[in-house]
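Secondary and tertiary structure notes
Below are the chains, spelled out letter by letter.
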Amino acid sequence: MISQFNIPATLIIGAGASRELVTQLARIGARRVLLVTDAFMESSGLAGTLVREVERAGIAVALFAGVQADPTDKNVHDGLLVYRSGNCDAVAALGGGSSIDAAKAIAVMTANAEPLSQYQGYHKIPRAGAPLVVIPTTAGTGSEVTKVAVITDTSRNVKMMMLDRHLLPLAALIDYELTLTMPPPLTAHVGVDTLTHGIEAYVSRKATALTDPLALTCVRLVSEHIETAWREPVNRAAREGMMLAATLGGMAFANSSVALVHGMSRPIGAVFHVPHGLSNAMLLPAVTRFSLSGAPERYATVARTMRLCAPDASSEGAGTSLVEGLAQLNARLKVPRLRDCPGVGRARFEAAVDKMAADALASGSPQNNPVVPTADQIVRLYAEAW
Ligand SMILES: [Fe+2]
């Protein structure tokens, strides 16, 4: 079997890495850059600081701060208009997964025909777009190192997953100092998203010899650092560990795949607007229990890597410890149940659950799971998480 491995050509990692933006834009010969971000980054002053640094270097900046959480095809279209009216020749992104995913879609849409929805799925984008430099501010979705973008198609209310190497940033500037101000709930949500990337990339049917070590190191780093980062937001060692975990997890899942947790998580986000990492966290224990029998040795290795069992525990015992450990981690990080989220009453949940199961299956991710579920089994797993 052959496999493909793609990551950005340049990764600059460490305290202060975001200050390399000017150098990276100059290297690609950018003259006018579109900076894609969100309203929070604009109001916090971070976007303005970057804009001034870039402009001082003689590169013009058009700012698009209109990305919303769960970015939509409309956000992409609006950003594209700013790119065109500014005569831009490069794109930069500052923010979490939403801003980076929107920037990836804007960059490719500078060279490909609308509508964006025709590119949903795997390897469907014909042409490379504008060069893209990204600066993540959360740790994280891993989007800064992946060829994946998730954009909501507002006409169908579906979170479209697109995977294509044309979505890869040219450079990622990975600066953990930007995560020191993340509040504890966000730290927990995106941190468990990172853990899910590591676990799913490792148990996926598409795991490879190149992705396995990245996935397991991601899992180890999250288990070592997530609770410290959550309790002590300015703990630099914990933030650095989580940032590295996010980077490794992104490199792993983008070249292996995510699986059932992500497949089921996206419809929860599309229907109930639960943040991505939070919906993953809610699903992770139940989906892991469901999937154990498909890859018992792999799940046991995850449990041992997280030190949830004795090194010589049987694979069955290690699997049980893993499910319990993941549920306890959620409890310690105060991850709510789905029913406790605003607007997710039983009636709305029951009305939506069949479409959610169908959309989960249609995304392709459940087919990479160690145990491939039926629609009925997905409905039961949603009920368990609710
Ligand atoms: Fe994710």
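Before going into details, it helps to say that this report is about the structure given with it. (Residues numbered from 1 in each chain as written. Predicted model: local features only at pLDDT ≥ 70, side-chain atom pairs only at ≥ 80, totals over all residues. Heavy atoms only, no water.)

Another point: the coordination of the iron ion. Protein coordination of the iron ion is provided by Asp193 (OD), His197 (NE2), His262 (NE2) and His276 (NE2), with donor distances spanning 2.1 to 2.2 Å. Between consecutive donor residues of the iron ion, the sequence gaps follow D-x3-H-x64-H-x13-H. Remark: histidine 276 occurs in helix H10 (residues 276-291) and aspartate 193 occurs in helix H6 (residues 184-203); sequence separation between them is 83 residues. (Donors = N, O, S within 2.8 Å, 3.2 Å for Na, K, Ca; no water. Helix = DSSP H or I, 4+ residues; strand = E, 2+ residues; numbered from the N terminus.)

Counting 108 residues, the largest nonpolar core has Val36, Leu116, Leu195, Met264 and Tyr382 as the members making the most contacts within it. Those residues in contact with methionine 264 that lie beyond four places of it in its chain are Leu283, Val287, Ala360, Ile378, Leu381 and Tyr382. Core analysis: the next-biggest nonpolar cluster, separate from the first, contains 20 residues, Leu21, Leu35, Val61 and Ala171 among them. (Core = buried A, V, L, I, M, F, W, Y, C linked by side-chain atoms within 4.5 Å. Buried < 20%, exposed > 50% of the residue type's maximum accessible area, 1.4 Å probe, protein only. Contact = heavy atoms within 4.5 Å.)

With that settled, the discussion passes to the sheet that holds strand S4 (residues 90-95). Sheet architecture is open: six strands sit in the order S1-S9-S6-S4-S2-S3, paired in parallel fashion. Here the strands that pair on one side only, and so sit at the sheet edges, are strand S1 (10-13) and strand S3 (60-64). Adjacent strand axes in the sheet meet at a mean angle of 15° when their direction is disregarded. One ladder, built from five bridges, connects S4 with strand S6 (residues 132-136); its direction is parallel. The partner of glycine 95 across the bridge, within S6, is proline 136. Its contacts with the sheet place helix H4 (residues 73-85) against strand S2 (32-36), S3 and S4, and it is angled at close to 155° to S3. (Pairing = 2+ DSSP bridges. Axes fitted to C-alpha atoms, helices over the stretch in contact; angles between N-to-C directions.)

Considered as a void within the structure, the second largest pocket measures approximately 240 Å³ in volume. Residue assignment for the lining of the second largest pocket shows that the elements contributing at least two residues are H10, helix H12 (315-332) and helix H14 (375-385). Ranked by residues supplied to the lining of the second largest pocket, first place goes to H10 with four residues. Residue classes in the lining of the second largest pocket are distributed as nine nonpolar, one polar and three charged. (1 Å grid on protein atoms, 1.4 Å probe; cavity = no way out; pocket = protein on both sides within 12 Å on 5 of 7 lines; lining within 4 Å. Points joined across faces, edges and corners; volume = space filled by probe spheres on them. Nonpolar A, V, L, I, M, F, W, Y, C, P; charged D, E, K, R; others polar.)

Read across the sheet, three strands follow the order S5-S8-S7 without closing on themselves; strand pairing throughout is mixed. Pairing within the sheet leaves two strands with one partner each, and these edge strands are strand S5 (121-122) and strand S7 (148-153). Pairing of S5 with strand S8 (residues 158-163), which is carried by two bridges, proceeds in the parallel orientation. Within the sheet, the bridge partner assigned to tyrosine 122 lies in S8 and is leucine 163.

Here the focus is the side chain of serine 256. Mapped onto the elements of the fold, serine 256 is located in the loop between helix H8 (236-255) and helix H9 (260-272). By relative accessible area, which is 8% here, serine 256 ends up buried. A distance of 3.4 Å separates the side chain of serine 256 from the backbone nitrogen of alanine 207, its partner in a polar contact. Residues within four places of serine 256 in sequence aside, it is in contact with Ala201, Ser204, Lys206, Ala207 and Thr211. (Polar contact = N/O pair within 3.5 Å; in protein donor to acceptor, adjacent residues only side chain to side chain.)

Looking now at the pairing of S8. For S8, the tally of buried residues reaches six of six residues, placing the bulk of the element in the interior. Relative to S8, S7 runs antiparallel, the two sharing six bridges. Across the sheet, residue isoleucine 151 finds its bridge partner in S8, namely methionine 160. What sits between the antiparallel neighbours S7 and S8 is a turn of four residues, in which asparagine 157 has the positive phi angle 50°.

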